[in-house]
Amino acid sequence: MTNGGGRAKQGRIRARRAAVQALYQWQLAASPPEAILKEFIAERELVKVDMDYFTQLTREVPHNYEQLVSDLEPFLDREWRRLEYVERAVMLIGAYELRLRPEVPYRVVINEAIELCKMFGTVEGHTYVNGVLDRLARQQRPSELQ
């Protein structure tokens, strides 16, 4: 992989990290995604973040919220509202990428979700998120799993 490819990959990883925080805030504050984007851009140090991807996740996950939750619910063992906010934010990003970003391999989606949960979530949250997104990937991307 070239340095440009490595930088692009790191930018996406950082975009997901920032998006988890933005979506966490969106869930708690119920602020419009545009207001959260403005706040993040103005007040946070978003160094080497793929800003286009961060913006897309922060806008599009809330826009597709009902569909994404509907995709995830069959694989949950409890009500959506009873899940931790961080795990919900991570699963929403994963469900979004599985559904609407087919160029992102499902293994990348799941691995990134696990790492985000380890970074921001509860101690065992990554295990739960891994299981849910793995089952969702099997449903939505069966050709990748062969």
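Counting restarts for each chain: residues are numbered from 1 in the order of the written sequence. It should be noted that, the model being predicted, local features are given only for residues of pLDDT at least 70 and side-chain atom pairs only at 80 or more, the latter also being counted only at that level, while totals for whole chains, interfaces and linings use all residues. To obtain the side-chain values, all non-hydrogen atoms of the structure were used and water was disregarded.

Overview of the pattern of salt bridges
Part 1: Take a side-chain nitrogen of Lys or Arg and a carboxyl oxygen of Asp or Glu: if they are within 4 Å of each other, that pair is a salt bridge. According to the stated counting rule, one finds 12 salt bridges in the structure shown.
Part 2: Across the pair arginine 59 and glutamate 34 runs a salt bridge, and its minimum N-O distance is 2.4 Å. Placement of the pair is arginine 59 in helix H3 (residues 51-63) and glutamate 34 in helix H2 (residues 33-43), with a sequence separation of 25 residues.
Part 3: Through salt bridges with shared partners, one network takes in Arg16, Glu97 and Glu112. Put simply, DSSP marks the helices as runs of H or I at least four residues long and the strands as runs of E at least two long, and each gets a number from the N terminus on.

Here we look at the nonpolar core
Part 1: What makes a nonpolar core is a set of buried Ala, Val, Leu, Ile, Met, Phe, Trp, Tyr and Cys residues whose side-chain atoms join them at distances within 4.5 Å. With a 1.4 Å probe rolled over the protein chains alone, any residue whose accessible area is under 20% of its type maximum counts as buried; one over 50% counts as exposed, and the rest are partly exposed. Ranked by size, the top nonpolar core spans 45 residues in total, and within it Phe54, Leu72, Trp80, Val90, Met91 and Leu133 carry the most contacts.
Part 2: When residues of this core are assigned to their parent elements, the largest contribution, 9 residues, is made by helix H5 (residues 85-100).
Part 3: Pairs of residues are marked as contacts when any of their non-hydrogen atoms sit within 4.5 Å. In contact with methionine 91, other than residues within four places in its own chain, are Leu72, Leu76, Trp80, Leu83, Tyr128, Val129, Val132 and Leu133.

Comments concerning the packing of aromatic side chains
Part 1: We call Phe, Tyr and Trp rings a pair once their centres come within 6.5 Å, taking the six-membered ring for Trp, and we label the pair stacked below 30 degrees between planes, edge-to-face above 60, and tilted otherwise. Summed over all chains, the structure comprises 3 aromatic pairs.
Part 2: Between the aromatic rings of tyrosine 24 and tyrosine 85, the centroid separation amounts to 6.1 Å while the plane-to-plane angle is 85°, which identifies the pairing as edge-to-face. On the criterion of sequence distance, the pair formed by tyrosine 24 in helix H1 (residues 3-29) and tyrosine 85 in helix H5 is long-range, its members being 61 residues apart.
Part 3: Classification of tyrosine 24 by relative accessible area gives partly exposed; the value is 34%.
Part 4: Under the relative-accessibility criterion, tyrosine 85 is labelled partly exposed at 32%.
Part 5: Centroid distance phenylalanine 40 to phenylalanine 54: 5.7 Å. Interplanar angle 40°. Geometry classified as tilted. With phenylalanine 40 in helix H2 and phenylalanine 54 in helix H3, this residue pair connects regions lying 14 residues apart in the sequence. The two residues phenylalanine 40 and phenylalanine 54 agree in class, both being buried.
Part 6: Geometry around tyrosine 53 places arginine 12 over its ring, the cationic atom sitting 3.9 Å from the centre.
Part 7: Throughout this description, the term charge over a ring refers to an Arg CZ or Lys NZ atom that lies within 6 Å of the ring centre and within 35 degrees of the ring normal. Directly above the ring of tyrosine 128 sits arginine 78, whose terminal nitrogen or CZ lies 4.5 Å from the centroid.

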